[in-house]
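Chain and residue survey
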Amino acid sequence: MTGPRKSDATPKLLQAPATWCPRVQRDLSHEEHKACPYCFGEDADVKKGDLESFCDFKPGKDPVNFGFPRN
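In this report, we go over the structure that sits alongside the text. The shown structure was predicted, so the numbers you read here are calculated from the model rather than taken from an experiment.

Here the focus is the pairing of strand S2 (residues 26–29). Where strand S1 (residues 18–21) meets S2, four bridges bridge the pair, whose relative direction is antiparallel. When the sheet's bridge partners are listed, Cys 21 is paired in S2 with Arg 26. Adjacent in sequence and paired antiparallel, S1 and S2 are bridged by four residues, among which Gln 25 carries a positive phi angle near 60 degrees.

Right under this line is the structure:
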């Protein structure tokens, strides 16, 4: 007999807002963007998702991984 099945899915309303990161090629929370040395600007800039307003990452020129963001 097995116990109740636990779901890994978190309801969308409880998930932290996420914005695309060109460095790691996935959505990151706004807190993770704050920890990134390529991200600048205000939290509102990240929430809008306009990379030019908060991200200074240059694909092909900048390193991809410095051990952040933490998973």
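Our focus in this paragraph is the side chain of Thr 19. Here Thr 19 is to be found in strand S1. When near neighbours in sequence (up to four residues on either side) are disregarded, Thr 19 contacts Arg 26, Asp 27, Leu 28, His 30, His 33, Val 46, Lys 47, Gly 49 and Phe 54.

So, about the nonpolar core. Counting residues in each nonpolar core, the largest one holds seven residues, listed as Cys 36, Tyr 38, Cys 39, Val 46, Phe 54, Cys 55 and Phe 57. Setting aside anything within four residues of it in sequence, one finds Cys 39 in contact with His 33, Phe 54 and Cys 55.

What follows deals with unusual backbone geometry. The backbone phi angle of Gln 25 is positive, close to 60 degrees, even though this residue is not glycine. Tracing the chain through its elements places Gln 25 in the loop between S1 and S2.

Counting through the fold element by element, Lys 58 comes out in the segment after helix H2 (43–48). For the pair Lys 58 and Pro 22, spaced 36 residues apart in the sequence, the C-alpha separation amounts to 8.8 Å. A distance of 3.0 Å separates polar atoms of two side chains, one belonging to Lys 58 and the other to Asp 56.

What counts, and at which threshold
Within every chain, residues take consecutive numbers counted from 1 along the sequence as written. Reporting in this predicted model follows two pLDDT cut-offs: at least 70 for local features of residues, and 80 or more for side-chain atom pairs to be given and counted; totals over whole chains, interfaces and linings ignore these cut-offs and use all residues. For the side-chain quantities, the full set of heavy atoms in the structure was used; hydrogens and water were omitted. Between any two strands, at least two bridges found by DSSP are needed for them to pair. Each helix is a run of H or I in the DSSP string that is no shorter than four residues. Each strand is a run of E no shorter than two, and both are numbered from the N terminus. Note on contacts: a residue pair qualifies if any of its non-hydrogen atoms lie within 4.5 Å across the two residues. The term nonpolar core refers to a set of buried residues drawn from Ala, Val, Leu, Ile, Met, Phe, Trp, Tyr and Cys, joined through side-chain atoms within 4.5 Å. Under the scheme applied here, a residue whose accessible area is under 20% of the maximum for its type counts as buried, over 50% as exposed, and between as partly exposed, the area being computed with a 1.4 Å probe on protein chains only. Contacts described as polar in this section are N or O atom pairs within 3.5 Å, which, within protein, must combine one atom able to donate a hydrogen with one able to accept it, while residues neighboring in sequence count only if both atoms come from side chains.

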